[in-house]
Each structure stands twice: as structure tokens, then as C-alpha cells.
Amino acid sequence: MAEAAMEDPAQLWPPPVGTYAEEQGLFQILQNMLEELLIHKPDDPIEFMINHLKQNNDDAPKICILGPPASGKTTVAMWLSKHFDAIRVSQETLLFNETLALTEEAKAHKEKNQKIPNALWANLIQERLSNVDCIKQGWILEGFPENQEQAWMLQSFGIFPRHVVMLYASDTVLIERNSGKRLDPLTQEVYHTTFDWPSDPLVQERLVKPEDLSEQEVSKKLLEYHRNFPEVFQIYQKVLKSINADQPSVDVLSQVLTYVQTRHRSAAPFTPRIIFCGPPGSGKSLQAALIAQKYGVVNICCGQLLKEAVADNTNLGELIKPYIDNGWPVPDNLVLELLTQRLSSLECLTDGWVLSGFPRDIEQAEKLQKSQINPNSRWKGRSDERWQYRAPWAMEEGKKGGGPFRFF
């Protein structure tokens, strides 16, 4: 059956179901549903999965912003909340902006200058994140969890952030920065005399200096943070990125946004389809060969493929031979037909492939896409930069040069 299918170029064997599943994110959908089932253990799994799919919120942000005092957690969390239209959840919003069942109990501890228990914080967070707005829009959790116990409690409630940002800076910088911190008692928003001063005169007038801003109090909080940080880091290390907060806020926000927009590697089956791009001498062929050898994928060098077609005296080879003998560019339609045949082989469909030498410009890239040859990874042989993304794709650098495939 497989041999018969391979003789008919219109029928691929095996069927390209993997490509469809990858493009539609089916494995990620199934993985998300399985995680939710194991976390919530519903009595009716089928009904639960139907409701989960109806919510259509798998792409909603679930982000934790952590860091020591004055590291900029509030600034980052508020900016992300506006950027993603997600719900920001912090100590201030839980205690002052919410009407949750446990809010009054937490406020009572605060008024008595007592530390709010970890279990109470965890229950407050769980109650807030269960609200419809957080489920639909996603959430930005600021300053939580503070310690290992809180992290474990949140996990027991099925609260797993997809991205954790850990801001850091030296204690000296943090203590100095904390001295300029100001609080708006009306909105509970945090400002700074140097880095983030409000433009509205009315807001400026009502800003107050927080009560716990003494250097001694800040040093105490930093000591507690450094004591708890390693355990929290250990729990979230697979989804955590540390970012230096002692740099311009624009740079911090840019790095944070870049990270939270990335997708973590999925456990789904994956057939590599890789294209190496770059100018002559950039090492495309060598890198492609190394990748193929390490990961067991098929290495396809376009120039070598043309040589083999001519040497094997195939029908396409006979058409290609005059161009090579005379040093003329091989027409794109012949190159694409040859590539389509090779990439449709059973070996390439099952093991994956890495292609170098084609396409050389944006026009060839578009033709490759129209031929349903779409990579899921592209490497640019110019520097250490790397891009990975889904089709459709085109290479802007191809506009600057390239042209028909020439045989070198």
C-alpha cells in the first residue's frame, strides 16, 4: 500500500496529518484539556471538556511578576495588564478593590499589623482568579507567590502560570529606588519621584509616602525575599526568566514582553521542517549537515539534489542537465518540482528534513509556500540570531538580492 501511494505524487504517504495537527495546534489543545482534567478532576469529564473548549481561553495570559521590593513589579504588571487587556491581581487589588468573601478577614489582619497567613492569601487568589473576567481575559499576578508554601498552595488549586518573570537588582539600587516611591491612596497605584511621576496635577497632589518606606523596613523585606527566593525559583524554573530591573524601563518592558509572548516547547510529536538561509560562505550547508546528523533528519542540499538528479538520468535530471552544463540558472519550476518529489518521500515525511540552498529570495519563498512546502523552523546563516515561527512565511532579506537558482 505504501509503495502504491508513493507512485502517485498526488497521494502522500503517510497522510500529512501531523502537519495539519501542528498548524491547528491540536496537540496543545489536547494537552491543555488533559492538564485541566487532572487538576480539577471533574465528575463529568466530557461536559468539563466541552465547557473548556467553549471558553476558548487557552491563549489568555497567565503571568506571575516576581521580584524584591522596588524592583518595578507594579510598573511591569500594570503595563502588561493594559497591553493584553488582562486582569492585574496584587496585594493592593485583593485588599482594596475587590469584594471577595475573604477580603474582610485579610483586612482585619492588616489593620492589626499582623502578617496575613499564606493559606488566606492563596484562597484569596484562587477566589479572584476563578472569576469570569480572569478566566476570559487572563491574569497578571503581581508579587505572588512570595514563598514556597504559597506556590504549593496555588498549584494545589490548579493555578499554574505559563510565564514567570523574576526582576532583580542590587540591594543598594533597590533601597535607593524605594526612597522615591509614592502611593496614590485613591487608586492604590504606585509612582516614583524620579522614574514614574504622574503628569496629572491632581494625582500629584494626593500622592503620599508609604508608611513602610524606612530603610530598616526595606532591608528587612529584602532579607526575607532573599531567604524565600531560591525555593520559589526552583518550583518555576522551567517557565521562569530573570530580567535585570536596573536598566531603563523601556528595555525592561521590551524584554518582559518578548518573553511572555513566547510559547514553551510542547510535548507534542514534532517533525522538523527546517530551512537554512544566508549568503554564500555563511555556513548553511555545514550547519544543516550537523543538524541532520545530530537529530536524525534528512539533509537536503539543493545543489547536491540537482547533481544527483542529473547523475541518475531521471526525467527531471534530463531537463536540468542543459542548464548545469551551460552554467545557466535552473528555472524555479524545475527546482520546485524536484524539491516537492524529495520532500514528499516517506523518509522526509516521517523523519523530517533540513533544507539549504533554496529559497534564495522572497519570490522563491512564496513559490515554495504555494507548493505547500512550509518550514516550522528557519535559521539565518548570518549571525547567531534565530527565528522560529509558523507558516505562512517569507524572507524580507530576499528582497535585497538572490534570484533564480544558479549552480555553483
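All of these numbers come straight from a predicted model, not from anything done at the bench.

**Q** Break down the packing of helix H8 (residues 118-129) against helix H10 (residues 148-156) for me, citing the residues and quoting the values.
**A** Look at H8 against H10: their axes get within 9 Å of each other, and the N-to-C directions meet at 40°. Judged by the sense of rotation from one axis to the other, the crossing of H8 with H10 is right-handed. Contacts between H8 and H10 pair Asn-118, Ala-119, Trp-121, Ala-122 and Ile-125 from the former with Glu-149, Gln-150, Met-153 and Leu-154 from the latter.

**Q** An account of the pairing of strand E9 (residues 298-301) is needed here, citing residue identities and associated values.
**A** Across the two faces of E9 the burial differs, with Val-298 and Ile-300 buried and Asn-299 and Cys-301 not buried at all. Two elements, E9 and strand E10 (residues 353-356), share four bridges in a ladder whose sense is parallel. Bridging across to E10, Asn-299 finds its partner in Val-354.

**Q** Outline helix H7 (residues 103-111), supporting the account with residue identities and numerical values.
**A** All buried positions along H7 are accounted for by Thr-103, Ala-106 and His-109. Summarising the axial view, the buried residues of H7 lie within an arc of 125°, below the 170-degree limit, and thus occupy one face. The exposed set on the far side of H7, more than 90 degrees from its buried face, consists of Glu-104 and Glu-111. Trailing H7 by a residue or two, Asn-113 shows a phi angle of about 60°, which is positive.

**Q** So what's going on with the nonpolar core? Residues and values would help.
**A** Ranked by size, the top nonpolar core spans 52 residues in total, and within it Ile-65 and Leu-80 carry the most contacts. In this view, Ile-65 contacts Lys-73, Val-76, Ala-77, Leu-80, Ile-140, Leu-141, Glu-142, Gly-143, Val-165 and Leu-167; residues no more than four positions away in its chain are not counted. Within the second largest apolar cluster, 25 residues are counted, among which are Val-298, Cys-302, Ala-309 and Leu-343.

**Q** Can you tell me about the sheet that holds strand E1 (residues 62-66), naming the residues and giving the values?
**A** The five strands are arranged E2-E3-E1-E4-E7 in an open sheet whose pairing can be described as parallel. Edge positions in the sheet fall to strand E2 (87-89) and strand E7 (240-244), since each has one partner strand and no second. The sheet shows a mean angle of 20° between the axes of neighbouring strands, direction not considered. Two strands pair when backbone bridges link them, and E1 and strand E3 (residues 139-142) are joined in this way by four bridges, in the parallel orientation. Opposite Lys-62, over in E3, you have Trp-139 as the bridge partner.

**Q** With reference to specific residues and values, describe the environment of Arg-128.
**A** Summarising the element assignment, Arg-128 is placed in helix H8. Overall, the relative accessible area of 5% leaves Arg-128 in the buried class. With eleven residues separating them in the primary sequence, Arg-128 and Trp-139 have C-alpha atoms 9.8 Å apart.

Calculation rules
Residues numbered from 1 in each chain as written. Predicted model: local features only at pLDDT ≥ 70, side-chain atom pairs only at ≥ 80, totals over all residues. Heavy atoms only, no water. Axes fitted to C-alpha atoms, helices over the stretch in contact; angles between N-to-C directions. Helix = DSSP H or I, 4+ residues; strand = E, 2+ residues; numbered from the N terminus. Left-handed = near helix turned anticlockwise from the far one by under 90°. Contact = heavy atoms within 4.5 Å. Buried < 20%, exposed > 50% of the residue type's maximum accessible area, 1.4 Å probe, protein only. Pairing = 2+ DSSP bridges. Arc of directions from axis to C-beta. Core = buried A, V, L, I, M, F, W, Y, C linked by side-chain atoms within 4.5 Å.

Limitation: the analysis is restricted to geometry and does not speak to function.
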